[in-house]
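Fold and contact review
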Amino acid sequence: MSGVRKKTPQISSSPRKVAIKEELNSSVLIDDVSEDSKDELKVLQNQKTTNSTRKRVSNKPRTQKAKKLKVEEVICRTDNLDGGGGGIEIPSTSTMQGGSCIKKREDEENLTFSEPPLKKIKSTMFPQGQPVKTAGNVGKVQEELEMNWDMVQVLSEKTNIEPWVCANIICLFNDDNTIPFIARYRKELINNLDADALREVQQALEELRTVAKKTHATIQKIKKEGKLSESLLTALLNCRTLEELDHVSAPYKTGSKGTKAQRAKQLGLEGAAKTLLENPGALNLLSYVKPNVKGLSTLQEIEMGVQHILADMFAKDKDTLDFIRKLCLRRYVCIQSSLAKVSSKNEREKDISKFQLYQNFSCNIKNIQHHQILAINRGENLKILTVKVNIPDSVKNEFCSWCVQNRWRPLRFARPELMKILHDSVEDAYKRLIYPLLCREYRSKLTSDAEKESIMMFGRNLRQLLLTSPVPGRTLMGVDPGYKHGCKLAIISPTSQILHTGVVYLHSGEGFREAEKIKRLLLNFNCSTIVIGNGTACRETEAYFADLIMKKYFAPLDVVYCIVSEAGASIYSVSPEANKEMPGLDPNLRSAVSIARRVQDPLAELVKIEPKHIGVGMYQHDVSQTLLKATLDSVVEECVSFVGVDINICSEILLRHIAGLNASRAKNIIEWREKNGPFINREQLKTVKGLGPKSFQQCAGFIRFNQDYIRTFCSGLQNESSAGDQVPSVAVTTPIDVQFTDEKQGKKKSKTSPKVALKPNPLDQTCIHPESYDIAMRFLSLIGGNLSEIGKPEVQQKINSLVQKEGLEGIAKSLETTVHTLQIIIDGLSQPESFDFRTDFDKPDFKRSIVCLEDLNIGTVLTGKVENATLFGIFVDIGVGKSGLIPIRNVTEAKLSKVKKRRSLGLGPGERVEVKVINIDIPRSRITLDLIRVL
């Protein structure tokens, strides 16, 4: 294969013109161009060849390169390259390498990255941003990773997302952008996709790149062995899945005995097989007979050898496989499971009963549910079930007829005995090679889709749990229930400080005496909220406290209690992080502290626990652990980033999960803070070791600065300076342009930093990214506001007045920015300083009394809290000690809150719902519920 050339655009000499390369096999859109600039689009004749370096995606090693793209160049006029409403929408921190796009900014330093996001073109023909041209800037193409399919198009087909969006996402990931950053600050490039959709694209992209990488590794291996033919190379480069690759490359694996076709080829029968298809009249099989050679001794053996070669040829032909796949799509293909014969042993009866639904099960593969696939797979792994894919005989008959009469019809007349060999070859190919391949593909795809859905469901549940509304400002008592070893207590202050820990024995006949002890503690610390873990003895502990509350035993305190999941608390209590955070405290008491903190600030506490131990998943032990960990870690990063952290008070563990940061960078930030005192503004982050321009770009928008605290700190420094004292060493470790000191401190040897003004910036407390500060200042001037008014009602009134008068699009155009960026600026300026979007989410359900399972009746309407969401139903805690199940068929779109749907969070842990009891099975402790509405 010859080297691949990649054409890239040229930048025009005018600073108001940008050359953007375009064109692919199908249309993909790049940039937003105003309607009045449509006539100025020109196609350039001169094209320049260049190579641009690709970066890694999500810091994972990758050598794959994208499919080569043919490109044209288009010159687009824009009024301002910051991304104006009347010109090309260009993110303010991005540039196009090789001359595609340049960011020009007068008040901020330029940051250049290897590959920016691709843009959208809007014109009078496509005012809504429909695809116009194909994006070409997808990086350097290497010969060894060139495939016979296009990455953007295949990714679009797999994810059902427009090609231009897929092209943009690929470039954003190549440029080391994180999902939270893309989802918040690059909305116009991804067509407003949410974080879950971005994760899906990222996973699909990694799968395709894995296929490409393994394909080329296989090609190199076969090439070294001297067995690489042109047809084999084409077959390998056509592979889009690992199953296809395994099918094609199986005969060439190390240690393989060789297939029947290979052995026939070694006997010299390949020429006979080709002659049968191309010129059957000239074929004389008797001439190949060699009595003393095994495999050639009789005519029958020769015919069998030719048949094996032809069957192998058919089974690896792309057109043939495409035909059979399309044929199966139109027919009833089902998956069946039945009880395995060897599983009928007495000791396994308990396990067998769990799979009662699947002992004689059959379902169309188009209709089967994800949880059914996971259950069948688990039964098969336990050797309780046998599973097979059933493809109807009509598929085989039509396929064989098509092969003989169309695809593999001999070019000339063939004698009947040769046509019989052809017929037998097609049937052999189907039965021995193609049918097993189809079965593997179906099982693999069904399993893969089910695993992904299970993981995505786990991610959605985890997000809902992490975003549970905090309960600040309360003194809480955490209770970790137990029988023999007692109930562990921990009282924490409104700032999460441990005030008291101890053990009480409520279930060993000493409950009355312990009640006095608990009452004294609650009164001494003025604590009126009790948090009970849902583990062993939870029900008895809940009944104990409910009884005391009903008797008003804790008067004058109005005590309430809630139940919280203690999943992962025991694991965390013996972890190094817990030992570092609570040194010297007994691990059992640490779990009580953790339980209380889960109500006070769920996000800050739950990030300390490995996500898979939080216990809101389904079949999580049966799915890919690598994919599960990557997804859950990404969800945690998304939640922590979107909520934001106060850089001067947050823990190191919380800081690790901010987009763009990791364990070492978080540690460096904490060390900087301990050595130099609090951070004053976002620019100071650039002075931290290991925090380069890219890391700063990704994390800056998610880090907050409490302005009251910083103003107090700065005024203290200023007073010391005016009194003639030297500024203490807590100021900054790098050269700074400080208003209150003449001394410049020494530079870090490991990092040269720009001068950073030690001056608070009220915009640092908002969600506005530093790249948009100049636009935010111009917007403030436009509405007649100033920085001191951020978050106050006056600013909100001025903003509403201007938006009502000119509209968002008009304001964005005048500020030469995008509507999405403007909306973030408006949100940042109008939200109060202490704003936390988690307050819109559900709080824990505080109670004073208890209900028993026996008290329930069919038709009873109750309120409850969602504990877990699965693919087959929703588990709801209705306060009877046993969760009820809402079957998934009873969860309809009409019953879901429209506010929830707008958040794209669905029905998940923590949400309060109103339900009706429709069935009670007391012996099996099962309650079936119907969803009435989401509260």
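Everything numeric in this text was worked out from a predicted model, so none of it was measured.

Next up on the list: the UniProt feature "coiled-coil region" (unreviewed entry) in the protein chain. Following the UniProt record, one finds the feature "coiled-coil region" (unreviewed entry) at residues 198-225. Strand forms 0% of residues 198-225 and helix 96%; the C-alpha atoms that close the span are 41 Å apart.

On to unusual backbone geometry. Put simply, Ala555 and Pro556 share a cis peptide bond, and its omega is 10 degrees. Mapped onto the secondary structure, Pro556 falls in the loop between α16 (538-550) and β13 (560-564). Of note, the phi angle at Asn160 is positive, near 60 degrees, even though the residue is not glycine. Within the secondary structure, Asn160 sits in the loop between α1 (151-159) and α2 (163-174). With phi around 70 degrees, Ala537 is a residue other than glycine that occupies positive phi space. If you trace the backbone, Ala537 turns up in the loop between β12 (529-533) and α16.

Quick look at the nonpolar core now. Ranked by internal contacts, the top residues of the largest apolar core, which has 108 residues, are Leu655, Ile658 and Ile703. In terms of residue count, helix α4 (residues 195-224) provides more of this core than any other element does, 10 residues in total. No fewer than three residues from each of domain 1 (151-252) and domain 3 (467-661) sit in this core. Residues Ile335, Cys363, Leu385 and Phe399 belong to the second largest nonpolar core, which totals 85 residues.

Attention now goes to the packing of aromatic side chains. This model, assessed by the stated rule, comprises 12 aromatic pairs. Between Phe181 and Tyr185, the ring centres sit 5.6 Å apart and the planes meet at 45 degrees, which makes this aromatic pair tilted. Here Tyr185 and Phe181 lie together in helix α3 (residues 179-185), a separation of 4 residues that amounts to about one turn. Overall, the relative accessible area of 0% leaves Phe181 in the buried class. Considering the side-chain rings of Tyr430 and Tyr435, the 6.2 Å spacing of their centres and the 40 degrees angle between planes classify their relative orientation as tilted. Looking at Tyr435, the relative accessible area reads 26%, which means it is partly exposed.

Turning our eyes to something else, we now look at the sheet that holds strand β10 (residues 487-492). Taken in spatial order, the 5 strands make up an open sheet running β11-β10-β9-β12-β13, and their pairing is mixed. In the strand order of this sheet, the two ends are held by β11 (498-504) and β13, each with one partner. Between one strand and the next, the sheet's axes are offset by a mean angle of 20 degrees, whatever the strand orientation. As paired elements, β10 and β11 share 6 bridges and run antiparallel to each other. Note that in β11 the partner of Leu489 across the bridge is Gly502. Of the strands in this sheet, β9 (476-480), β10, β11, β12 and β13 touch helix α19 (residues 587-600), which is tilted by about 50 degrees from β10.

Before going further, it helps to examine helix α9 (residues 299-315). Over its 17 residues, α9 runs 24 Å from end to end, which matches the ideal 24 Å to within 8%, given 1.5 Å per residue. Within α9 the residues assigned to the buried category are Ile302, Gly305, Val306, Gln307, His308, Ile309, Leu310, Ala311, Asp312, Phe314 and Ala315. Where α9 is buried, its residues touch α6 (242-249), α7 (260-266), α8 (270-278), α10 (318-329) and α14 (416-466).

Rules of the game
All residue numbers refer to position in the chain's written sequence, counted from 1. Two thresholds apply to this predicted model, a pLDDT of at least 70 for residue-level local features and 80 or more for giving and counting side-chain atom pairs, whereas whole-chain, interface and lining totals are computed over all residues. Note that water and hydrogens are dropped before the side-chain values are worked out from all heavy atoms of the structure. UniProt positions are given in the numbering used here, feature names are shortened, and annotations may be inferred rather than shown by experiment. The helix count covers DSSP runs of H or I at least four residues long, the strand count covers runs of E at least two residues long, and both are numbered beginning at the N terminus. Here the nonpolar core consists of buried residues drawn from Ala, Val, Leu, Ile, Met, Phe, Trp, Tyr and Cys, with membership extended through side-chain atoms lying within 4.5 Å. Summary of the burial criterion: residues with accessible area below 20% of their type's maximum are buried, those above 50% are exposed, and those between are partly exposed, where the area comes from a 1.4 Å probe applied to protein chains only. Domains are outlined according to an automatic or database domain assignment. Two rings from Phe, Tyr or Trp (for Trp, the six-membered ring) form a pair when their centres sit within 6.5 Å of each other. Planes less than 30 degrees apart are called stacked, planes more than 60 degrees apart edge-to-face, and all others tilted. Paired strands are those between which DSSP finds at least two bridges. Axes, fitted as lines to C-alpha atoms, cover a helix only where it is in contact. Angles between the N-to-C directions of the axes lie from 0 to 180 degrees. Residue contacts are counted whenever heavy atoms from the two residues lie within 4.5 Å of one another. Under the convention used throughout, the expected extent of a helix is 1.5 Å for every residue step, that is, one less than its residue count.

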